[in-house]
Structure formats: C-alpha cells, structure tokens
Amino acid sequence: MAGHGEELAQLSLIEVGTRISDGEISPVEVTRNALDRLEMFGSALGATTSILADEALASARRAEREIGGGDCRGPLHGVPIGIKDLADVEGAVTTAGSDVFGNRPASSDASLVRLLKKAGAVIACKLNCDEFAYHPTGATSRHGPSRNPWNLDIISGGSSGGTGAAVAAGLIYAGLGTDTGGSIRLPSAICGLVGIKPTYGRVSLDGVRLLSPSFDTPGPMARTTMDAAVMLRAMADPLTEEMVGEANRMVHIASEIDAGLEGIRIGVPSNYFFDALDPEIASIVQNAIDALVMLGAEQVQVELGSVERLAGAQLGILTLEAYQNVMAATDGDITRVNSTLRARLKDGMDVSMRSGEDLAIALGRLRAERDDALAGYRRATGNIDVLVAPVLQRSPPTVEAARTDYQWLPNFTRPFNASHQPVVAVPCGWTEAGLPVGFQIVAPKYRERTAIRVAYTFEQSQHAPERRWPEMPLEV
C-alpha cells in the first residue's frame, strides 16, 4: 500500500492545489514531500540538474502565510513545479545541459518563471535537458541521460527529458518544457503525460537559452490536461495577450473544456503521419480517433501534400539557427559541445546548405520554402477544427542506442513547429511492453482552447487509457 507521501505525490496539480486552498494540507508539507522525492529518485531518473530546497521551502512558507490570510492566487499557489534548465531562475545556474555557460547563477528570473511565481508556484528544481536542447532523446546532457520512469533502459524523450521523467514519476506536479522540433510532445508521449506546445509567441523567450528562435516555444508538461492548461495560463506573455483578439486570450483557455465534441471537425491525415507507422501504435492511435468520433466529433480525411516539404524546411531553418547559436555560445570552438551534437550539426548543415551558399542566403531560401509549403498546408486544413496524428512512428529506443537511433523521432512533430500552431499531446494507450503511447491534437493559431477541449473530452471519457503509476527506481 502506498504511504502518505506516495498518495500525496499521485494527486494531480488541480487536486493538490484545491486541498491547499481549502486548508486540508499545507504548501510546506507538499513541498517537503516533493523535495524528499526529488532527493530519493531524481538522480536515478537523471531528472534534475539542481534541487532548490531552501528557495522552495521559503516560497512554500510564504504561500502558507498568504493562503492562511485569505490571499489564494489560484490552483498553482503553493504547488511545487520544476523548470527546464534552459530558463533562468534567480540564484540558480542555467546550464542548458552543457558546460559551456559556466556556473554563474542567474541574476533574475526568466519572464515565464516570474509569471509562474506571481501565480504562486513553488519552484522546486531545475530539470535536465539535452545539451543546448538539441536532441530528441534526453540522452545527451552533460549531466547524464534522463530515463523513462516506466522502464529505466528506455529514453525519456528530449529535449525536455528531465521534465518528462520528473513529472511522470510524481517528483513534482508539473514542469516546464520547450518545443523547437517536438521537445515537449516527444517526452510527454514517451512518459505518458499531457504536454502543450502553445502557439509560437504565446510564452515569452526572455531569459530562455535559445536554440532556434524561429521555433523555440516554452510550454507546460503535466499529468492531466487541466493541470497543463492551468500552468500555461499562468505562463502566457502579457504583451502577446494584448495583441491577440479578446476571444483568443489565455483567460479563456478552459472556457470550452467541458463542451464535448459535437460540431468539432477532426482532420485525420491520409498521408505522411500514418505511413510506415508501427502496427501496434497505429492500432492504439486509430482507436483513439474512433473514440473521438464516438464522442461526437466528425472525422474528415485530409490530404497533406506539402507536409513533407514543410517538415524539411523547418529542419533546415532549425539547423542553421542552431549552428549560429552554438557557435556564438562556444566562441567558435564547437569542440566544447558533445560529439553527437557536433555530428548532428555537421550532417544537418551538409543537407541544408547548397555548395558555396552563404548561411544568410540559405536561411532566406529555406524560409521561402517553408512559406510555400505552409500555404499548401493551410489550404488543406482550412475546413477542420483540429488535426489529429500520432506523436511517434514506433516505440522509443533505449538510452544505450539513443545517440545513433534518433533521427526519426521528430518526423511527426516538426511540421507543427513550422506552422507555429498550438498542439496538445495526450496519452492514448499502452503498448504490450508497458510503455505509454500519445497522440497530438493540432489547432489553428491561438486556438489552444479547442485542442484542450478535445484532449480533455477524450481524457475524461471511458475510452481513455487506464491510469497507472510507475514503480519508483532506487538505482540504475
């Protein structure tokens, strides 16, 4: 039987936040439990780069005083979460999974961290990620690989691998990810979480280490759709919110969450996403799509003739921008980063640039190719409310194989970085080997609430996969 600490860890963010606001449990108790679990299991999972115990307990005590005095700021108030080690947290080192940036603590919070603190969240730890966030496995950090709580031999997914491992194992209630080519959705699907890649620009990049600023998108990872939605609402950039129409602002993110699926047109791609798909994953994802129809949605077949070109242009732009950022951070000495990153950059540059082509000209050409492919993609998806597709082609590789068996991982995620659309990755089943499977729900720009509505309706239905809890590892 699970002890009290385990029972507390298994609560959702909303559940623990409600109990805190009702006075049933204290933020200090919840935070101490999270810190204990981070100490016990964080290393075995390769989940953390630092545990911010003193700061977290000080925040928890402050939250306890505020809530006790009648000033509860909402469901995040007093709840411990983690921040991917790309975003600055005042007083903590931001490593980006690398040795390149030194050991000087950040002098201020990233904008998104400041907003999360304003909502009352307790920042308990910095979370491991691939070096420069430039790998889809979680296995290339200078702090060591992140591991999957469901099977320690399997990757947690990248680059937000530490977030995936920590949240799935109940070390924290939610965590920050970033998504440049799939780095929220991949670990979410692989670890059995809900991950939201918001519309590009919804969340500020101020104070976040950049990889490819044309696509870098911070977003939440959590164990339920509502948990992720609450975290995203707190992280939204106020300046961006001023620029979007009233109906599309984050304040409305959950306004349709329980409206059901009647009238929702769901596009299912007839090409690319289901080509060469592992049969077991294909069956699980198809069952989820069938469930959406049974829940009231209308299914529409969609031919995405330009999606492969869209994905190719996105990869090219990402590679060239990543090269610029890595070279700038290393003062031109690329030997300062790991060999897998160097090889990936070299191979990508060889593919993305034409012989004798200037880098700026190559970027301009690739952006034009992206625009052309995106125009075709938008025409094909103009009459649907959401597009649904698998996250992964097949089950993820082992940590041991991750440095060579990884190129295929972002094939299904990167098109939606190119389109800047919001996407929710949500669990939809389990493989025979006991690993989670996720599918992604893609909405038009600034319509996060539509994707969240579909994800929530599926999650709350009888068709959702059974909820399981990983056995906690004591050693690798």
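Data block above holds the structure.
Sequence positions are assigned chain by chain, starting from 1 and proceeding in written order. Given that the model is predicted, a residue must reach a pLDDT of at least 70 before its local features are reported, and side-chain atom pairs must reach 80 or more before they are shown or counted; all residues, however, enter totals for whole chains, interfaces and linings. Hydrogen atoms and water are omitted, and side-chain values are computed over all heavy atoms in the structure.

**As for the overall build of the protein chain**
Line of reasoning, step 1. A run of H or I in DSSP becomes a helix once it reaches four residues, and a run of E becomes a strand once it reaches two; helices and strands are each numbered from the N terminus. A count of helical and extended segments in the protein chain gives 15 helices and 13 strands.
Line of reasoning, step 2. Each radius of gyration reported is based on C-alpha atoms, and the globular scaling rule is 2.2 Å times the count of residues to the power 0.38. Its C-alpha radius of gyration of 21 Å places the protein chain within 12% of the 23 Å reference for a compact globule of 476 residues.
Line of reasoning, step 3. Residues classed as buried in the protein chain amount to 62% of the 476 residues present.
Line of reasoning, step 4. Whether two residues touch is decided by their heavy atoms; if any such pair falls within 4.5 Å, the residues are in contact. Partitioning the contacts of the protein chain with sequence separation of at least 6, the portion at a separation of at least 24 is 77%.
Line of reasoning, step 5. When the accessible surface of the protein chain is split by element, carbon and sulfur atoms take 48% of a total near 17,600 Å².
Line of reasoning, step 6. The protein chain carries 43 positive and 58 negative side-chain charges, and their two centres are separated by 5 Å. Each residue is placed in one exposure class: buried if its accessible area under a 1.4 Å probe, protein chains only, is under 20% of its type's maximum, exposed if it is over 50%, and partly exposed if it falls in between. In these tables, accessible area is a Shrake-Rupley quantity obtained with a 1.4 Å probe, and a residue counts as shielded only by the protein chains included in the view. When charges are counted, neither His nor the chain ends are considered; positive counts come from Lys and Arg and negative counts from Asp and Glu. Where a charge sits is defined by one atom per residue type, namely NZ (Lys), CZ (Arg), CG (Asp) or CD (Glu).

**With respect to unusual backbone geometry**
Line of reasoning, step 1. For the bond from Gly158 to Ser159, the omega torsion is 5°, close enough to zero to count as cis.
Line of reasoning, step 2. In this structure, Ser159 sits in the loop between β5 (151–155) and α6 (161–168).
Line of reasoning, step 3. One non-glycine residue, Ala276, lies in positive phi territory at about 55°.
Line of reasoning, step 4. Structurally, Ala276 is set in the loop between β9 (265–269) and α10 (279–294).

**Considering the packing of aromatic side chains**
Line of reasoning, step 1. Pairing of aromatic rings covers Phe, Tyr and the six-membered ring of Trp, with a centre-to-centre limit of 6.5 Å; geometry is then stacked below 30 degrees between planes, edge-to-face above 60, and tilted otherwise. Counted by the stated rule, this structure contains 8 aromatic pairs.
Line of reasoning, step 2. For the pair Trp150 and Trp430, a centre-to-centre distance of 4.8 Å together with 75° between the ring planes defines the contact as edge-to-face. Of this pair, Trp150 sits in the loop between β4 (147–148) and β5 while Trp430 sits in strand β12 (residues 423–430); the two residues are 280 residues apart in sequence, bridging distant segments of the chain.
Line of reasoning, step 3. Ring geometry for Phe273 versus Phe416: centroids 5.6 Å apart, planes at 5°, classification stacked.

**Some thoughts on the packing of helix α11 (residues 307–329) against helix α12 (residues 339–352)**
Line of reasoning, step 1. The N-to-C vectors of α11 and α12 enclose an angle of 130°; their axes lie 9 Å apart at closest approach. Between α11 and α12, the crossing angle belongs to the class labelled oblique. In the crossing of α11 with α12, the sense of the turn from one axis to the other is left-handed. Two secondary-structure elements touch here, α11 through Gly316, Thr319, Leu320, Ala322, Tyr323 and Val326 and α12 through Leu341, Leu345, Gly348, Met349 and Ser352.
Line of reasoning, step 2. Polarity classes work like this: nonpolar for Ala, Val, Leu, Ile, Met, Phe, Trp, Tyr, Cys and Pro, charged for Asp, Glu, Lys and Arg, and polar for all others, with Gly in that last group. A per-class count over the contact of α11 with α12 returns 7 nonpolar, 4 polar and no charged. Here an angle of 0 to 180 degrees is reported between the N-to-C directions of two axes, which are lines fitted to C-alpha atoms, with helices fitted over the stretch in contact. With respect to orientation, any angle under 35 degrees is reported as roughly parallel, any angle over 145 as roughly antiparallel, any angle of 65 to 115 as roughly perpendicular, and every other angle as oblique. A crossing counts as left-handed when the near helix is turned anticlockwise from the far one by less than a right angle, and as right-handed when that turn is clockwise.

**Brief notes about the layout of surface pockets**
Line of reasoning, step 1. Approximately 690 Å³ is the volume attributed to the largest pocket.
Line of reasoning, step 2. In terms of lining, the largest pocket is formed by 32 residues, of which the most central are Gly192, Arg223, Thr224, Glu459 and Arg467.
Line of reasoning, step 3. Counting residues per element, the ones that place at least two in the lining of the largest pocket are α2 (13–21), α8 (225–235), β12 and α15 (448–459).
Line of reasoning, step 4. With 4 residues, the single largest contributor to the lining of the largest pocket is β12.
Line of reasoning, step 5. Counted by class, the lining of the largest pocket contains 19 nonpolar, 6 polar and 7 charged residues.
Line of reasoning, step 6. As defined here, a cavity is a set of points on a 1 Å grid over the protein atoms alone where a 1.4 Å probe fits but cannot get out. A pocket is an open set with protein on both sides within 12 Å along at least five of seven lines, and residues line them when an atom is within 4 Å of a point. Grid points are joined across faces, edges and corners, and a volume is the space filled by probe spheres set on the points. Empty space within the second largest pocket amounts to approximately 460 Å³.
Line of reasoning, step 7. Lining the second largest pocket are 24 residues, with Leu315, Arg344, Gly348, Gln407 and Arg414 positioned closest to its centre.
Line of reasoning, step 8. Listed by contribution, the elements that provide at least two residues to the lining of the second largest pocket are α11, α12 and α13 (359–380).

**A closer look at the nonpolar core**
Line of reasoning, step 1. Among buried residues, those of type Ala, Val, Leu, Ile, Met, Phe, Trp, Tyr and Cys that are joined through side-chain atoms within 4.5 Å constitute a nonpolar core. Counting 93 residues, the largest nonpolar core has Val16, Leu116, Ile266, Val388, Phe439 and Ile441 as its most contacted members.
Line of reasoning, step 2. Among residues more than four places away in sequence, those in contact with Val16 are Leu8, Leu11, Ile25, Val30, Val79 and Tyr173.
Line of reasoning, step 3. Of all hydrophobic cores here, the second largest spans 26 residues; its members include Val28, Leu38, Phe41 and Ala168.

**Points about helix α3 (residues 27–45)**
Line of reasoning, step 1. A bend of about 40° at Glu39 is the largest found in α3.
Line of reasoning, step 2. After α3 finishes, the residue Gly46 shows a positive phi value of roughly 60°. Fitting axes to the seven residues that end at a residue and to the seven that start at it, the angle between those axes gives the bend at that residue.

**Looking at a positive patch on the surface**
Line of reasoning, step 1. Every patch collects residues that have over 30% relative accessible area and no salt bridge, joining them within 9 Å if they carry like charges and within 5 Å if they are nonpolar side chains (Val, Leu, Ile, Met, Phe, Trp, Tyr). Whenever a carboxyl oxygen of Asp or Glu lies within 4 Å of a side-chain nitrogen of Lys or Arg, that contact is scored as a salt bridge. On the surface, Arg32, Arg61, Arg62 and Arg65 cluster together into a patch of positive charge.
Line of reasoning, step 2. The greatest single-element share of the positive patch, amounting to 3 residues, is contributed by helix α4 (residues 53–68).
Line of reasoning, step 3. Within the secondary structure, Arg32 sits in helix α3.

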